[in-house]
Structure formats: structure tokens, C-alpha cells
Amino acid sequence: MAYRKVVLVPGNGGDGEIRDFNWYGWLEKQLGKASIECVMQSMPDPYYARSNIWLPFMKNELKCDEQTVILGHSSGSVAAMRYCEENKVHGLVLVAAYSSHLDDETEKASGYFDAPWQWDRISANVKWIVQFASKDDHLVPIDEQTLVSKKLNSDLRLFNGRYHFCDANFPELVKVLQEKR
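Each value, and the rule that gives it
- Residues numbered from 1 in each chain as written.
- Predicted model: local features only at pLDDT ≥ 70, side-chain atom pairs only at ≥ 80, totals over all residues.
- Heavy atoms only, no water.
- Helix = DSSP H or I, 4+ residues; strand = E, 2+ residues; numbered from the N terminus.
- Contact = heavy atoms within 4.5 Å.
- Polar contact = N/O pair within 3.5 Å; in protein donor to acceptor, adjacent residues only side chain to side chain.
- Pairing = 2+ DSSP bridges.
- Axes fitted to C-alpha atoms, helices over the stretch in contact; angles between N-to-C directions.
- 1 Å grid on protein atoms, 1.4 Å probe; cavity = no way out; pocket = protein on both sides within 12 Å on 5 of 7 lines; lining within 4 Å.
- Points joined across faces, edges and corners; volume = space filled by probe spheres on them.
- Nonpolar A, V, L, I, M, F, W, Y, C, P; charged D, E, K, R; others polar.
- Parallel < 35°, antiparallel > 145°, perpendicular 65-115°, else oblique.
- Left-handed = near helix turned anticlockwise from the far one by under 90°.

S.K.: An account of the environment of Arg-82 is requested, with residue identities and associated values reported.
M.R.: Note that Arg-82 resides in helix α3 (residues 75–86). Once the C-alpha coordinates of Arg-82 and Trp-117 are considered, the two residues, 35 residues apart in sequence, prove to be 7.9 Å apart. If we ignore the near neighbours within four places in the chain, the residues touching Arg-82 are Leu-55, Tyr-112, Phe-113, Ala-115, Pro-116, Trp-117 and Gln-118. Among the polar contacts listed, one links the side chain of Arg-82 to the backbone oxygen of Tyr-112, at a separation of 2.6 Å. Polar side-chain contacts of Arg-82 include one of 2.6 Å to the backbone oxygen of Ala-115.

Here it is as C-alpha cells:
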């Protein structure tokens with residue numbers, strides 16, 4: 001069965017209209033052209049992205065369910081993985097994913113890194129996982145990103161020159177979402 005919608009969970013730090021950040025608004029337009037529903041809302045607690053706020057928001061407001069592909073970017077990918085420890089979704093797309101607080105005080109306070117990762121549960125609760133990583137990401141070391149891929153056995157799409165994937169467009173992402181329909 002095909003998925004019904006893509007839900008974007010953005011990285012932290014973006015206060016304001018979500019469509020104005022990175023490739024997010026561009027993605028919504030591209031998916032609309034392909035008749036794929038794309039759900040995105042400005043997240044509550046945008047600077048700290050605390051798990052006790054974001055995870056219930058994903059369930060109750062964004063309505064992430066078994067017909068949803070969750071697309072997480074940066075700290076949004078961390079939230080997506082934690083969400084999938086307890087909830088089934090159709091697919092998971094991780095962009096600049098990581099599994100440690102990276103010695104960052106905001107990340108430490110988020111709550112995502114207080115418990116061990118349940119990698120097997122994440123994998124069991126999704127039909128497929130695609131991951132995008134860039135070797136020259138200045139915020140998330142490539143070793144962090146490849147560790148996530150190894151633990152989840154994701155379909156890793158490795159790039160150079162994409163840094164933290166903060167470009168205005170992201171055609172490779174659209175292609176994956178179209179192929180997985």
C-alpha cells in the first residue's frame with residue numbers, strides 16, 4: 001500500500017514560517033505537483049525542540065500514522081527516530097541524522113538523548129528508511145550519520161558538498177519520495 005502523506009519535521013532553531021527555511025517550501029510545491037500531500041507546520045518550542053513537546057505534537061497535531069512518511073531534517077530526524085520507537089509509520093526519511101547530543105547544550109536539554117536508542121524497534125515500526133548524509137556537514141560529523149545508517153540499516157545516500165542540507169532545493173529528496181509511492 002502506498003503512503004498517504006509526507007510530514008516534515010524540521011531542524012530546531014527556526015522561528016517563523018517553516019516554508020521560508022531551507023528547501024521546505026520548495027519541497028511542498030514540488031510534492032504538490034506530483035500530487036503528494038505534504039504536511040508542515042511551524043513546530044512549538046522551535047529553539048529547543050524538546051522531546052516532551054515535539055513527540056506529542058507529531059502524534060496529535062501532525063497525525064503521523066501508518067500511512068505517513070516522516071521526513072526529519074537534523075534535530076527533526078532525531079525526533080522522527082524517537083517517535084518511531086513507539087509508533088508505526090509507513091516510511092522514514094532522515095536528513096543529517098545523528099544519535100548523540102554532539103556536546104551541544106541545547107541538544108543535551110532536548111530529552112532525546114536521555115535513554116538508549118531502541119534501534120530494533122525503530123526498524124520494526126517502519127517499512128523503509130532512506131537517509132541523506134553529507135561528508136562535509138559542519139554540524140553533524142559524518143561518523144554520526146553513518147552510525148545511524150548502520151544501526152538502522154538505512155538506504156544511505158551519501159553526498160559531498162551539501163553540508164547540512166540547507167539549500168533552497170533538494171531534487172534528490174523529491175525523487176526518493178516519488179519512487180517510494
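S.K.: Pulling in residues and values, what's your account of the sheet that holds strand β4 (residues 91–95)?
M.R.: Pairing is parallel in the open sheet, where 6 strands are placed in the order β2-β1-β3-β4-β5-β6. Two strands lie at the open edges of the sheet, namely β2 (37–39) and β6 (155–159), each paired on one side alone. Taking each pair of neighbouring strands and ignoring which way they run, the sheet shows an average axis angle of 15°. By the bridge criterion, 5 bridges tie strand β3 (residues 68–73) to β4 in an arrangement that is parallel. In the strand pairing of β4, Val-69 is matched with Gly-91.

S.K.: Tell me about the layout of surface pockets, and please be specific about residues and values.
M.R.: A volume near 410 Å³ is recorded for the largest pocket. Residue lining of the largest pocket: 26 residues in total, with Gly-11, Asn-12, Gly-13, Ser-74 and His-164 positioned closest to the centre. Of the residues that constitute the lining of the largest pocket, the class distribution is 12 nonpolar, 12 polar and 2 charged.

S.K.: How would you explain the packing of helix α2 (residues 51–60) against α3 if you had to name every residue and give the values?
M.R.: Where α2 meets α3, the closest approach of the two axes is 10 Å, and the angle between their N-to-C directions is 70°. The angle between α2 and α3 places the two elements in the roughly perpendicular class. Crossing of α2 against α3: the hand is right-handed. Of α3, the residues touching α2 (which contributes Trp-54, Leu-55, Met-58 and Lys-59) are Gly-76, Ala-79, Ala-80, Arg-82 and Tyr-83. Considering only residue class, the contact of α2 with α3 consists of 6 nonpolar, 1 polar and 2 charged.

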